[in-house]
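Listed below are the residues making up each chain.
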Amino acid sequence: MILLSLLLAPLVSWSAPPPAPSDLADAGGPYTVAAEGSVRFDASGSSIEACSRVSYEWDVGGDDSIDLGPSSAPASTWIAAGIDGPWSADLVLYVSCTVGGSISYVGKADTELTVENVAPVIDAVEAETSIREGVEAVFSLSFSDVEAADTHTVSWDLGDGVLRTGSSVAQTYEQDGEYTVTVVVADDDGGRDSRVQRVVVDNVAPFIEGEPAATARVDELYSFEPTVVDLGVNDLHTWSADLPPGASLDRATGAISWVPGAADGGEHTLSLTVQDEAGASDSLLWTVQVEGGGDGGSSDGGGGDGGEGDRPWGDGTADPDPWDEAWPIAGEGCRCSAAPSGLLLPLVILRYARFVAEYLRVEGDMDYAQVRQSESKGPRYGEGIAEFFGMGVI
Ligand SMILES: [Ca+2]
Ligand SMILES: [Ca+2]
Ligand SMILES: [Ca+2]
Ligand SMILES: [Ca+2]
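Parameters at a glance
- Residues numbered from 1 in each chain as written.
- Chains lettered and ligands numbered in written order.
- Predicted model: local features only at pLDDT ≥ 70, side-chain atom pairs only at ≥ 80, totals over all residues.
- Helix = DSSP H or I, 4+ residues; strand = E, 2+ residues; numbered from the N terminus.
- Buried ≥ 20, exposed ≤ 12 C-beta atoms within 10 Å, placed from the backbone.
- Contact = placed C-beta atoms within 7 Å.
- Core = buried A, V, L, I, M, F, W, Y, C linked by C-beta atoms within 7 Å.
- Pairing = 2+ DSSP bridges.
- Axes fitted to C-alpha atoms, helices over the stretch in contact; angles between N-to-C directions.
- pLDDT = per-residue confidence, 0-100.

1. With respect to the overall build of the protein
On a plain count of helices and strands, the protein comes out with four helices and 24 strands. A total of 394 residues make up the protein; the buried ones form 29% of that total. Of all intrachain contacts in the protein linking residues separated by at least 6 positions in sequence, the fraction that spans at least 24 positions is 68%.

Spelled out as structure tokens, the structure:
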């Protein structure tokens with residue numbers, strides 16, 4: 001033993017003392033990185049001064065499987081690919097130190113590595129550019145999340161008390177007005193994104209249903225009880241009329257009653273107008289021939305609401321297609337027939353024929369009013385509707 005010490009003494013005096021393995025490795029950290037993000041592991045705090053050659057290796061998860069290295073550089077970049085945050089694990093650093101020709105030491109150090117969940121991101125919210133009361137509109141959301149393993153829920157507050165879930169939802173606003181729509185997408189780890197948008201819902205004009213009789217008899221009751229169709233649920237309506245003397249209007253229902261006297265014989269022009277709360281209106285203008293009196297042939301020519309100048313085709317000629325003109329844009333005249341009285345009956349027949357034809361085409365659960373709006377009349381009162389998402393976040 002003494003002899004061996006004497007033999008080694010010259011060698012020890014020529015080399016620096018090797019570092020103790022417990023002081024060799026310094027893993028830095030702890031480290032935190034977002035899912036799919038990158039992080040730089042830094043072992044530059046290791047005590048390698050006495051090493052002639054150094055090698056660094058990193059084991060993510062501490063499972064004895066090397067994920068980075070070996071490398072001669074103390075720092076290495078690691079990407080949290082394919083990991084569903086939140087997730088955490090041990091990060092183990094191995095430092096191999098060579099001293100001189102063949103004497104090596106391996107140091108080991110631990111730290112903590114955390115991969116955080118990444119919130120989803122809303123890419124776009126889409127809806128029809130024009131939304132009308134009583135008409136179904138579809139809202140849809142597109143979003144992204146870097147973590148493929150995450151699941152998501154999409155929640156909508158449509159601003160009228162209606163809540164829905166799903167990437168695409170259907171909504172029917174019962175009334176015109178402005179609504180604030182809030183959509184939230186959330187992942188299963190608590191990450192979320194939201195967007196708030198203003199929606200402008202346009203009013204739809206009411207429409208008078210019913211066909212008044214074209215003839216009346218002296219001393220007999222002539223009556224007409226219209227109904228009003230309005231896609232705006234609970235829209236309140238007001239009625240007005242231009243009637244012969246003696247005729248009366250029920251302003252709550254639009255019902256007209258009249259008992260012509262002997263002096264009322266001949267042709268009379270009547271008009272009836274209904275208006276909703278937003279000021280959109282519909283009018284009927286028709287003639288009644290009073291028979292049975294001795295004073296036939298007179299015409300009071302009472303004129304309709306706004307006069308013929310307001311009519312879409314108010315030049316005294318027959319409307320080429322009275323059905324298509326039947327839904328005026330709010331404030332743009334009336335649905336009135338300016339045709340000569342001899343053409344009135346054919347126009348009435350034509351209108352009813354179109355009515356029946358349209359009704360028979362109804363499919364599914366769409367009601368008559370919806371079909372008329374969506375297929376026949378929709379574009380006519382769809383103007384002035386604000387853009388939906390072009391208005392930006394509020
Ligand atoms: Ca996640
Ligand atoms: Ca996520
Ligand atoms: Ca309305
Ligand atoms: Ca309305």
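We are not done yet, so read on.
2. A short note on the environment of Ala 241
For Ala 241, the position within the fold is in strand 20 (residues 237–242). The class of Ala 241 is buried, set by 23 C-beta atoms lying within 10 Å. Residues Ala 241 and Leu 272, 31 residues apart in the sequence, show an inter-C-alpha distance of 4.3 Å. Not counting residues within four places of it along the chain, the set of residues in contact with Ala 241 comprises Leu 249, Ile 256, Ser 271, Leu 272 and Thr 273.

3. A closer look at unusual backbone geometry
Cis geometry marks the peptide bond from Gly 29 to Pro 30; its omega dihedral reads 5 degrees. With respect to the helices and strands, the residue Pro 30 is situated in the loop between helix 2 (21–24) and strand 1 (31–34). Its identity is not glycine, yet Asp 64 carries a phi of approximately 65 degrees, on the positive side. Topologically, Asp 64 is positioned in the loop between strand 3 (53–60) and strand 4 (68–71). Take Asp 64: there are 7 C-beta atoms within 10 Å of it, and that puts it in the exposed class. The phi angle at Asn 234 is positive, at roughly 70 degrees, despite the residue not being glycine. Within the secondary structure, Asn 234 is located in the loop between strand 19 (227–229) and strand 20.

4. Looking at the nonpolar core
Counting residues in hydrophobic clusters, the biggest one holds 23 residues, and the most contacted among them are Ile 256, Leu 272 and Val 288. At five residues, the largest contribution of residues to this core is made by strand 24 (residues 281–291). Not counting chain neighbours up to four residues away, the residues in contact with Leu 272 comprise Ile 208, Pro 226, Trp 239, Ala 241, Gly 254, Ile 256, Ser 283 and Leu 284. Membership of the second largest hydrophobic core comes to 19 residues, among which are Phe 41, Ile 48, Leu 91 and Val 92.

5. Some points on the sheet that holds strand 18 (residues 222–224)
Spatial strand order, 18-22-21: three strands in an open sheet with antiparallel pairing. Of all the strands in the sheet, the pair left with one neighbour each is strand 18 and strand 21 (248–249). Where strand 21 meets strand 22 (residues 256–258), two bridges bridge the pair, whose relative direction is antiparallel. The residue of strand 22 that forms the bridge with Leu 249 is Ile 256.

6. Points about the environment of Phe 143
Looking at where Phe 143 falls in the secondary structure, it is placed in strand 10 (residues 136–144). The class for Phe 143 is partly exposed, based on 19 C-beta atoms found within 10 Å. Taking the C-alpha atoms as reference points, Phe 143 and Asp 193, separated by 50 residues in sequence, lie 9.1 Å from one another.

7. Structural notes on the sheet that holds strand 8 (residues 121–126)
Read across the open sheet, the three strands follow the order 8-10-13; overall the sheet is antiparallel. Where the open sheet ends on each side, the last strands, each with one partner, are strand 8 and strand 13 (168–172). For this sheet, the mean inter-axis angle between neighbouring strands, taken without regard to orientation, is 25 degrees. Direction of pairing for strand 10 relative to strand 13: antiparallel, over a ladder of five bridges. Residue Val 138 lies in a different strand from strand 13, and its bridge partner there is Ala 170.

8. Details of the pairing of strand 6 (residues 87–99)
Pairing of strand 3 with strand 6 involves eight bridges; the strand directions are antiparallel. Counterpart to Tyr 56 in the pairing with strand 6 is Val 95. Pairing geometry for strand 6 and strand 7 (residues 103–116), over 13 bridges, is antiparallel. Each residue of the ladder has a partner; that of Leu 91, found in strand 7, is Thr 111. The loop that links strand 6 with its antiparallel partner strand 7 comprises three residues; one of these, Gly 100, has a positive phi angle of about 65 degrees.

9. Describing the confidence of the model for the protein
Averaged over every residue, the pLDDT of the protein is 78; the share at 70 or more is 69%. Ignoring residues within four places in sequence, the model shows residues 295–344, a span with pLDDT below 50, making 105 contacts including any to other chains. The low-confidence segment residues 354–394 (pLDDT under 50) makes 51 contacts with residues lying over four places distant or belonging to another chain.

10. With respect to the environment of Arg 132
Relative to the helices and strands, Arg 132 resides in strand 9 (residues 131–132). Residue classification places Arg 132 among the buried positions, given that 23 C-beta atoms sit within 10 Å. Counting along the chain gives 69 residues from Arg 132 to Val 201, while the straight-line C-alpha distance between them is 5.1 Å.

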